[in-house]
Each structure stands twice: as C-alpha cells, then as structure tokens.
Amino acid sequence: MSIKVGAASQELSAAYAAVTREPAGIVWNKVCVSLKRELGDAAFGSWIAPAVLRETQGGDVVLVTPTGIARDWIRRSAWRRIGELWAAGDAVGRRMDLKSRLEFEASADAASATTGAVYVEAKPQPIEIVLPVSSDVPAAAPTPAGKTSPIQGLQERFTFDSFVPGPANEFAHAVARRVASWADGHFNPVLFHGPYGFGKTHLLNALAWEAMRAAPNKRVVYLTAERFLSTFVRAVMDRQTTAFKDELRGADLLIIDDVHFIAGKQSSQEELFHTLTALVEDGRRVVFSADRPPSAMTEMDARLRSHLSAGLVCGMEPADRSLRLGILERKIEALGRAQGFTGSVRPEVLQFLADRFTDSVRELEGALNTLTARAGERLSRLSLDEVQAILRPHLRGGEKRITIDDIQKATSEHYGMKQADLLSERRNRAIARPRQAAMWLAKQLTTRSLPDIGRRFGGRDHTTVLHAVRRIEALRQDDAVLSQDLETITRKLRG
Ligand SMILES: Nc1ncnc2c1ncn2[C@@H]1O[C@H](COP(=O)(O)OP(=O)(O)OP(=O)(O)O)[C@@H](O)[C@H]1O
C-alpha cells in the first residue's frame, strides 16, 4: 500500500504542524534535566515525570498531569521555576498552561469543537522513525526504579511483580501472562479494555517486559497510539513509510496502548488495519488496550473495529475495595524500600484512602504520593486526623464522596421520575433534560471522565455527555428554574 502526502487526511496536517514544532519537546527535555537536579529524583519521579506535555499547531502548550493532586503539587512547588526555565529555553515564547487530565480533556474537547485545534503529545525525546526492538533490551528483568526506560517508552516500575491481581483484573492478568509466555494457541489479537487509571498501561508494560525476558531474540514493539500516529505522520512527511511499515511488520509482538486515540483518524486507521492484518496472517502477536470495547468505538472505522474484536476482547473492571487496599499495601512497601522507612501505615489510614480515592488507582497513588511528600519517613506514624488534614484540599465535596449513582437517585427524585428513565433511550424533553442535568452534575461533583459518565448513563458515548454538559452550562445562565434545580440537588447531595 502506498500512502501519498497529498491524500493524507485532516489529522495528518494537524499532526504535521505539531511535528514541525518538535522543539517544544526538546525545550521541555532541558527543563526536565534542570528540574530533576533541583527537585531530586524522588519528587521529580513522583510529580513531574508522569506529566505529559501537549501542544497544538497554534503553539499552545499544556503540561497535563494525571491527577488534580499532581497539578496542585506542581502549582505549589514547581510552577514558578518551570516558568522561568521554560522562558529561558523557549526562543519562540510559547505560553505554557498547567491542567489535570480531566480539565485538559474537557478543554481540549471544547477547543477542538470550536476552533478545530488538535493537541498532540510533545514527547520529551525526539520522535524516531525507527522503532526500538527487544534485542536492545537486556534479558534480565528490569529493576523497578520508577523511571521511564530510555527504550520504547516502557516504565521500568510497571512489571508483573508490581501488578496486584484481584477479581477486577484477574482474567486480564492471566491472559497477559499467557501472551507474554509466547504460548501457542492463544487468541490474536488480544484487546484489554477498561476505565482509565485502572492498570491497562501497567499490564501492557508488564507483558512487554516479560515477553522480552522470556524470548530475548524476539522483536517486541510497544508504542502508544499517539506515538503510532505521530511516527506515521513523520514517516509520511519524510517519505519513509516503507521503513515505518517494515519496523512494525517485523515485530513478533506488537503492543499498542490506548488504541481508541486512533479512532476517526482516517489514514492512520488504515495503516493500522493493514499492519494488524499482515501481522496476524503471519502468525505474529498483537495486543491492544483501549478505554472501551471495540463495539463502543463508534468513531473507529468499521473494518478495523471488527478486526480488533476478532481475537480476544478482555475487560478490566474498576478495582474493588480489597484490590485498592492490596495495591496500596504493595505501593507503600515499594515506597518504604525506595526511601528507607518501614513500609507500613496505620490500618485506619489505609482504609480511609481505599474508601475515599475510588475513581482510579492513579488518584489513589496520587494521594499516597502527597502523604509521602509531606510526611516522608513519618508516613507510618501519621494519624487519621493528620492524613485527613493533609488531603482535605484534594477531596471534592468536603467529607462526603458523591457517586454517579447518588446523582442519578437525587436527580430522578427531584424531577419525580425513575432512575431507570435517566439510563433509558427515551428522548422526550421531560426525560432528556433531567438526564442532561444529571450528566452535568456528574461532571461537576465527581472526578469521572466523560467516557466513564457516558458508560454509567446507559452506555452513552462521551460526545453525548459533552453535549449535555455544554447544553446545561449554556441554559443555566438564563434559566432560573433550572439553575435553582441544580443548586437544590447539589445541596442535597453534599448533605
Ligand atoms: N492492579 C494494579 N496493581 C498495581 N498498580 C496498579 C494496578 N492498577 C493500576 N495500578 C497503578 O495505577 C496507575 C495507573 O495505571 P495505568 O496507567 O496502567 O492505567 P490505565 O488504565 O492505562 O489508564 P489510562 O487509560 O489513563 O492510560 C499506575 O501507576 C499503575 O501502576
């Protein structure tokens, strides 16, 4: 298949502009070198390294943190210094903003709807056309050091040893281990899907490390969908698509994380489709992760969607309480080992964390990192009161955690309807407007992502939720009754 630059679709030109602005990634790289020296490895690794720099073709640059906690930490402890270093290094004077992932997703959706702006990841390292292969990787298992491997973008700390299995993920865990063992006769491709922040990337990284350890001579290629996209675009621009295809199609195991990002990107979808079919026909293994099952990827090309579902589609659920406790214990042990203190905390503190930070494991880790940063080796002696005081600014809605289920119950009660109506397909205004109001409340009062909210409202798409949020946002400015309704429900929910 030949790909012509002239035939490249919209996303190519958007990403083209981003790739030509690659210096943003290089400037950020230099900023990171100084920050790491100034803040120390532990603080840098916990707070700065997980953040991702994104840029539009218009020159807007945003540092996106995985959690609100990380954003707050950076704003408090490093933002001024980042600004100085950025200003000193960026000759073109681009403005840099700081957002949590949730804020970023909402604003990027809005920007793309109004101005067509597309954000792409400005990787700290320059984008390479030649993808690294497993033969570059030592056969020994990596030591979890909490840093990004220079190879392949794999996180060294994401191994099977540090992955905690539980009912929510044990099938996925077993499948990943089986794929990593190169055992014959498993389904191909394998797609893991689940809500954000519940271990998909961790599992895929663990699978890659283990597969490389088990068969050092095989070629394992791991990349995020965004990297696939930008590398492909670069290859098209440089007329090196053959090299790009050869690299991918020469893989014995190809792993693509967050494949849903490719949905709607016409030429990239097509390239991925051909890569996938070529590899599968040749008996090579392919593994994907996504935030939803292929059947729900409505913007994905139908042919690709059907091939993604052709092997094994394996769902991961949000971690339940016992798994959250298990993960916390494992992370505390690791922190203790890394920082030289007893890896334990009081049981009531553990339970408080597991009960209050349920939206994603990432959020749970963020809370633990905040405590560690504040208390250091005193972590194991912190009382519940002290922990609550440290974390209070990060808890939404005061002491009471509000769930989407609470919101649906309160909204349906307020409007005198059944909760099931909010989840139903019914579109008449008397039902649709309260449903939109409940979605708006879910966005305001919980940390759930738009796709997550959509899933909990009868499996709706994130674009439906976004539409509802914008609609209510616009209406409540002028509609006093609606505005009052929203306030009453919010007050009731906050207790
Ligand atoms: N079962 C688990 N055991 C240990 N750590 C976990 C587990 N699940 C999640 N985590 C941790 O939670 C954090 C977020 O996980 P990860 O990045 O893998 O989520 P994800 O599902 O890929 O999210 P996204 O969709 O946003 O990419 C990571 O630090 C990971 O180590």
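As a starting point, this report considers the structure included with it. The shown structure was predicted, so the numbers you read here are calculated from the model rather than taken from an experiment. Position numbers for residues start from 1 in each chain and track the written sequence from start to end. Only residues with pLDDT of at least 70 get local features here, since the model is predicted, and only at 80 or more are side-chain atom pairs given and counted; chain-wide, interface and lining totals rely on the full set of residues. Side-chain metrics in this entry use all non-hydrogen atoms of the structure; hydrogen atoms and water are not considered.

**A word on the sheet that holds strand β8 (residues 285–290)**
Selection criterion: A pair of strands is treated as paired once DSSP finds two or more bridges between them. We count a stretch as a helix when DSSP gives it H or I for four or more residues in a row; a strand needs E for two or more, and each element gets its number in order from the N terminus. Lines fitted to C-alpha atoms define the axes, with helix axes restricted to the stretch in contact, and inter-axis angles between N-to-C directions lie between 0 and 180 degrees. We call two residues in contact when some of their heavy atoms are within 4.5 Å.
Ordered by their spatial adjacency, five strands build an open sheet running β6-β7-β8-β5-β9, and the pairing between neighbours is parallel. Looking at strand neighbours, the two that pair on one side only are β6 (220–224) and β9 (312–315), the edges of this open sheet. Averaged over all pairs of adjacent strands, the angle between strand axes in this sheet comes to 15°, irrespective of strand direction. Here β6 runs beside strand β7 (residues 253–257); their pairing, made up of five bridges, is parallel. From the neighbouring strand, V220 faces β7, where its bridge partner is L253. Contacts from helix α8 (residues 200–214) reach β5 (190–193), β6, β7 and β8 within the one sheet, and its direction differs from that of β7 by about 165°. Those strands touched by helix α9 (residues 225–237) are β6 and β7, and its axis lies near 95° from that of β6.

**Focus: the site of the ligand**
Rules: We call a residue near a molecule or strand as soon as one heavy atom of that residue lies within 4 Å of the molecule or strand. Throughout this description, a polar contact denotes any pair of N or O atoms lying within 3.5 Å of each other; where both atoms belong to protein, one of them has to be capable of donating a hydrogen while the other can accept it, and for residues adjacent in sequence the pair is counted only when both atoms sit in side chains. Computed with a 1.4 Å probe, the accessible areas rest on the Shrake-Rupley method; for each residue, only the protein chains presented here act as cover. For this classification, Asp, Glu, Lys and Arg are treated as charged, while Ala, Val, Leu, Ile, Met, Phe, Trp, Tyr, Cys and Pro are nonpolar and the rest, including Gly, are polar. Residue ranges for the domains originate in an automatic or database domain assignment.
In the vicinity of the ligand there are 21 residues, among which R101, G197, T201, H202 and E365 approach most closely. Within the side chain of E365, an N or O atom sits 2.6 Å from an oxygen atom of the ligand. Alone, the ligand offers 640 Å² of accessible surface; in the complex the protein occludes 96% of this. Counting only elements with at least two residues in the shell around the ligand, the list comes to α8, α13 (321–339) and α15 (361–375). Among the residues forming the shell around the ligand, the class breakdown is eight nonpolar, six polar and seven charged. Formed jointly, the shell around the ligand draws a minimum of three residues from each of two domains, domain 2 (134–315) and domain 3 (321–394).

**Thoughts on the packing of aromatic side chains**
Rule in force here: Two rings belonging to Phe, Tyr or Trp (six-membered ring only in the last case) form a pair when the distance between their centres is within 6.5 Å. Interplanar angles under 30 degrees mark stacking, angles over 60 mark edge-to-face geometry, and anything in between is tilted. Whether a residue is buried, partly exposed or exposed follows from its accessible area with a 1.4 Å probe, protein chains only, as a fraction of its type maximum: under 20%, in between, or over 50%, in that order. Only Lys NZ and Arg CZ are tested; either one counts as a charge over a ring when it is within 6 Å of the ring centre and within 35 degrees of the ring normal.
For the structure shown, the criterion picks out four aromatic pairs. Here the aromatic rings of F228 and F244 are separated by 5.6 Å at their centres, their planes lie at 65°, and the arrangement is edge-to-face. On the criterion of sequence distance, the pair formed by F228 in helix α9 and F244 in helix α10 (residues 241–249) is long-range, its members being 16 residues apart. Residue F228 is classed as buried on the basis of its relative accessible area, which comes to 0%. Note on F232 and F244: the rings are 5.6 Å apart at their centroids and 40° apart in plane angle, and the pair reads as tilted. Separated by twelve residues along the polypeptide, F232 in helix α9 and F244 in helix α10 bring together distant segments of the chain. In this pair, the class of F232 matches that of F244, namely buried. One aromatic cluster is present, built from ring pairs that chain together F228, F232 and F244. If you follow R177 out to its NZ or CZ, it ends over the ring of F160, 4.4 Å from the centre.

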